Amino acid sequence: MTATELVKNIARKSHELDPCTRSNYSSFNVNHTELKLSVDFSKKKIDGVVKYDLTNKSTASATDEVVLDTRDLTIKSVKVNGAEVNSYELSSAVPIYGSALHIPLAVNDAKVNTTKKLDVEIEFETTEKCTAIQFIEGDTGPYVFSQCQAIHARSLFPCFDTPAVKSPYKFIGISSSKVTMSGLPQPDNGTTDKYVFSQPIPIPSYLVSITSGNLAKAAIGPRSDVYSEEPNLAACQWEFEKDMENYLQIAESLVFDYEWERFDSLVLPSSFPYGGMEIPNMTQLTPTLICGDRTQTKVMAHELAHSWSGNLVTNCSWEHFWLNEGWTVYLERRIVGAIAQREASASGKSAEEAEKYGEQMRHFNLIGGWNALVETCETFDPKFTKLVWDLENGDPDDAFSRIPYEKGSFFLFKLENKLGGKKEFDPFVKFYFSKFRYKSLNSAEFVETLYEFYEPRGKKEILDSINWERELFESGLPDKPELDTTLADEVYAYGDKWAEYFEAGDFQSVPFNETDIDSFEGEQNMLLLEYLADKFKAIAGDASVSPEIIKQFPKVYPKFANSKNGEIVSAWNNLLLSYGQYKSEDAVVQEYAEWLGHTGRMKYARPGYKLLKNGISRDFAIEVFTKYKQFYHPICRTMIEKDLDLA
Ligand code: BES
Ligand code: ZN
């Protein structure tokens, strides 16, 4: 088969157009968008005006309407080329996708139909059903933030809500509190209640964002500030100032120069549902990263990597989400490895040894990723353990899991190895990101680009040996990669001792102590807790994990019991509640439930409620959720309701 035929076959296996939008986006080019959002804290809503500068793409029979996505939005007025259009229509609401806004182009002004250039202006306001924004009482005053990925932008403003469409933006935010949006702040910002931002690089709707609150900022690098409410600012600054600029420089050497000028970030209140979100010029971060030990900064490396993978080069629909996240995890781990290498060489290791250590660190992270991939493949809906999804009538939030991250990055890791290692793969990384910058692409175009790059370099056979069908379209685990376990072996050896102890069944004394693991670094502790969970699960037959011994764990490992690090808190309680036979009234359970009630990051909250359900009881999980329900972001609330079968 020629590469062209292969690519055609791959392309045929997924939708040509994005199935998650009802807009007629393929008929238009968006030349520029101006979006004005006015925050009304007292009514908890946002009023807005959006102005699209469009070109009708079709020449012969010009499209006679503009169709935009909306969901739970109130439309107040529509103008086309300056003239009011009263005959617009909102189609009846479809769950998840919302109501398409149909704007006729020929009714009031016959000329419109024949002009290729169109100015469309819409006035609107959000309703309380808006899933993109959350109004909260911040620690220092009223606060609002948005989160549009994947298809929530349509509940904030009428738009072509597909990552296939990109536009440069002018943003205007009006609020009584400081505003940040997805662009560079313009001079005079904040002298009145008006804040203006420019985003000259074309971006998709899901990267549109607004935050308003009592925000302060501090420098964490020569081109980076961190924003948060004043009381947490110094802690946020400390957490990131050591790594920020190093991350930027390493990422630039892996791909190419950072194009967005500044990389600022914003630490949100604790109901923020994600670890991070790659808003251009204003990455959003969960406050769970601020744990005082800099162990979670790799989330910053991840969001930074999106400046290339995702924000410059974008998946053309959510069916190809792995192109965003798989590439980003791939780059994130390259950055983490390179940092370890730098630190090793600064501490006096030879260049060769330092490089080796960097790879060991990268592989240590790959091992964690592989474990997550195995666990997700075992537990998640098989139709979403494929690399490329079918989202016809589907909700991308339901498809979301570690799969696009891990299966995607392991796919790239496999390609790297097959094609001759980092030296041979790095030029492709640069080629790919240069080719698609400012564009959106699908998985077939990715494969096409591999052939385009490697065929002239005599590597067509290597690519031909890859089973693309299996890699891209089949559920479940890919082949297990060979990983360097140097940094994990110590952890495994120690974890094995616990398994042997339970298998021996003599529980007279507990021959373990926190000092056993004094030498473990941040991530090794995490791996230990995960490894113990795996080992305990595997213990079967006559042997058993004694709940009495598990109940002594907090005394054996006070550093875990007292940890403020969300990764540890989650993995630790998973062990205790799964194997300790605790009752809902036990202090361990009460403390964990209270922590869950203030932790809106879905990575912790969703497994947390499942743990309460499976480890204590469904009734107890529901009781805790009901108590804290109002705290959670609408996206997180919906997902927990689904997880607890309340939906
Ligand atoms: N873009 C994602 C977050 C996201 C994905 C929001 C899908 C909404 C829908 C972000 O870059 C991300 O992947 N965050 C991770 C960070 C982790 C992989 C380091 C998270 O939130 O945990
Ligand atoms: Zn990401």
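Just above sits the structure.
Draft legend 1. Representation of the overall build of the protein within the structure. Assigned secondary structure in the protein consists of 21 helices and 22 strands. Relative to the compact-globule value of 26 Å for 647 residues, the protein shows a C-alpha radius of gyration of 26 Å, a close match. The dimensions of the protein, computed from C-alpha atoms along their principal axes, are 90 × 65 × 45 Å. Expressed as a percentage of contacts within the protein between residues at least 6 apart in sequence, the contacts between residues at least 24 apart total 72%. In the form shown here, the protein has an accessible surface area of approximately 26,200 Å², with 48% of it arising from carbon and sulfur atoms. Computed over 69 positive and 96 negative side-chain charges, the inter-centroid distance for the protein is 3 Å.

Draft legend 2. Molecular detail of helix α21 (residues 634-643). Of the residues making up α21, those classed as buried are Pro634, Ile635, Cys636, Met639, Ile640 and Asp643. In the core, the buried residues of α21 are packed alongside β9 (133-138), α7 (396-399), α19 (602-616) and α20 (618-628).

Draft legend 3. Structural context of the packing of helix α6 (residues 351-379) against helix α13 (residues 486-504). Contact geometry of α6 with α13 gives a least axis separation of 7 Å together with a crossing angle of 50°. With respect to their mutual orientation, α6 and α13 come out oblique. Between α6, through Tyr357, Gln360, Met361, Phe364 and Ile367, and α13, the contact on the second element is made entirely by Thr486, Leu487, Ala488 and Tyr492. Here the residues of the contact of α6 with α13 are counted per class, giving seven nonpolar, two polar and no charged.

Draft legend 4. Structural context of the site of ligand 1. In the region of ligand 1, 16 residues are neighbours, and Gln149, Gly275, Glu278, Glu303 and Tyr405 sit closest. Residue Glu278 places a side-chain N or O atom 2.7 Å away from a nitrogen atom belonging to ligand 1. The fraction of the free accessible surface of ligand 1 (520 Å²) that becomes covered by protein chains is 90%. Elements supplying a minimum of two residues to the shell around ligand 1: β19 (276-277), α4 (298-305) and α5 (321-346).

Draft legend 5. How the structure looks around the pairing of strand β10 (residues 141-146). The element β10 is extensively covered by neighbouring structure, given that five of its six residues are classed as buried. Bridge analysis of β9 against β10 gives six bridges, and the strand direction is antiparallel. Within β10, the residue paired with Glu137 across the bridge is Pro142. In sequence, β9 turns back onto β10 through a hairpin of two residues. Two elements, β10 and strand β15 (residues 210-213), share two bridges in a ladder whose sense is antiparallel. By the bridge assignment for β15, Val144 is matched with Ser212.

Draft legend 6. Representation of the environment of Leu611 in the model. Inspection of the secondary structure puts Leu611 in helix α19. Sequence separation of Leu611 and Ile640 is 29 residues, and the distance between their C-alpha atoms is 12 Å. Setting aside residues up to four positions removed in sequence, Leu611 forms contacts with Asn573, Asn574, Leu577, Ser578, Tyr592 and Ile616.

Draft legend 7. Highlighting empty space enclosed by the protein. Within the structure shown, the criterion is met by six cavities of 30 Å³ or more. Volume-wise, the largest cavity comes out at about 70 Å³. Along the walls of the largest cavity sit Val30, Thr33, Tyr52, Cys159, Phe160, Val165, Lys166, Ser167, Tyr169, Ile203, Pro204 and Ser205, which together make up its complete lining. Those elements that provide at least two residues to the lining of the largest cavity are β1 (28-40) and β11 (167-174). Split into classes, the residues belonging to the lining of the largest cavity amount to eight nonpolar, three polar and one charged.

Draft legend 8. Representation of the side chain of Ser167. Following the sequence through the fold, Ser167 ends up in strand β11. Ser167 gets classed as buried once you look at its relative accessible area, which sits at 2%. One polar contact links Ser167 to Thr33, side chain to side chain, over a distance of 2.8 Å. Setting aside chain neighbours within four positions, we find Ser167 in contact with Val30, Asn31, His32, Thr33, Ile201, Pro202 and Ile203.

Draft legend 9. Broad picture of the coordination of the zinc ion (ligand 2). For the zinc ion (ligand 2), the full set of protein donor atoms is His302 (NE2), His306 (NE2), Glu325 (OE) and Glu325 (OE), and the range of their distances to it is 2.0 to 2.7 Å. With six donor atoms in place around the zinc ion (ligand 2) and angles of 53 to 158° between them, the coordination shape is irregular. Taken in sequence order, the residues that donate to the zinc ion (ligand 2) follow the motif H-x3-H-x18-E. Of this pair, His302 sits in helix α4 while Glu325 is found in helix α5, placing the two residues 23 residues apart along the sequence.

Draft legend 10. Region of interest: unusual backbone geometry. Of the consecutive residues Gln149 and Ala150, the connecting peptide bond is found in the cis state with omega at 0°. One can find Ala150 in the loop between β10 and β11.

Draft legend 11. Region of interest: the packing of helix α3 (residues 244-254) against α4. Interaxial distance between α3 and α4 falls to 10 Å at its minimum, and their mutual angle equals 40°. In terms of orientation, α3 and α4 fall into the oblique class. Crossing geometry of α3 relative to α4 is assigned as right-handed. Residue-level inspection shows Met244, Tyr247, Leu248 and Ala251 of α3 in contact with α4, the latter providing Lys298, Met300, Ala301 and Leu304. Residues belonging to the contact of α3 with α4 are distributed by class as follows: seven nonpolar, no polar and one charged.

Draft legend 12. Layout of the packing of aromatic side chains. By the definition in use, this model includes 65 aromatic pairs. Ring plane angle 45° and centroid distance 5.5 Å describe the contact between Phe560 and Trp572, whose orientation is recorded as tilted. With a gap of twelve residues between them, Phe560 in helix α16 (residues 558-561) and Trp572 in helix α17 (residues 566-579) connect regions that are remote in the sequence. The same class applies to Phe560 as to Trp572, namely buried. The aromatic ring of Tyr582 is capped on one face by Lys551, whose charged end is 5.1 Å from the ring centroid.

Draft legend 13. Up close: the pattern of salt bridges. Scanning all chains against the criterion turns up 38 salt bridges. For Glu452, the salt bridge is made with Lys435, and the minimal N-O distance between the two is 2.7 Å. You can see Glu452 sitting in helix α10 (residues 443-454) and its partner Lys435 sitting in helix α9 (residues 422-435), a full 17 residues away along the chain. Judged by its relative accessible area of 26%, Lys435 falls in the partly exposed class. Between Asp643 and Arg606 there is a salt bridge whose closest N-O contact spans 2.8 Å. Residue Asp643 is found in helix α21, and its partner Arg606 is found in helix α19; the two are separated by 37 residues along the sequence. As far as the burial class goes, Asp643 and Arg606 line up, both buried.

About the cut-offs
- Residues numbered from 1 in each chain as written.
- Chains lettered and ligands numbered in written order.
- Predicted model: local features only at pLDDT ≥ 70, side-chain atom pairs only at ≥ 80, totals over all residues.
- Heavy atoms only, no water.
- Helix = DSSP H or I, 4+ residues; strand = E, 2+ residues; numbered from the N terminus.
- Rg over C-alpha atoms; globule rule 2.2 N^0.38 Å.
- Contact = heavy atoms within 4.5 Å.
- Areas by Shrake-Rupley, 256 points an atom, 1.4 Å probe, with all protein chains shown as cover.
- Lys, Arg positive; Asp, Glu negative; His and termini not counted.
- Charge placed at Lys NZ, Arg CZ, Asp CG, Glu CD.
- Buried < 20%, exposed > 50% of the residue type's maximum accessible area, 1.4 Å probe, protein only.
- Axes fitted to C-alpha atoms, helices over the stretch in contact; angles between N-to-C directions.
- Parallel < 35°, antiparallel > 145°, perpendicular 65-115°, else oblique.
- Nonpolar A, V, L, I, M, F, W, Y, C, P; charged D, E, K, R; others polar.
- Near = heavy atom within 4 Å.
- Polar contact = N/O pair within 3.5 Å; in protein donor to acceptor, adjacent residues only side chain to side chain.
- Pairing = 2+ DSSP bridges.
- 1 Å grid on protein atoms, 1.4 Å probe; cavity = no way out; pocket = protein on both sides within 12 Å on 5 of 7 lines; lining within 4 Å.
- Points joined across faces, edges and corners; volume = space filled by probe spheres on them.
- Donors = N, O, S within 2.8 Å, 3.2 Å for Na, K, Ca; no water.
- Tetrahedral: all angles 85-135°; square planar, octahedral: opposite > 155°, others 65-115°.
- Left-handed = near helix turned anticlockwise from the far one by under 90°.
- Phe/Tyr/Trp six-rings, centres within 6.5 Å; stacked < 30°, edge-to-face > 60°.
- Lys NZ or Arg CZ within 6 Å of the ring centre and 35° of its normal.
- Salt bridge = Lys/Arg side-chain N within 4 Å of Asp/Glu carboxyl O.

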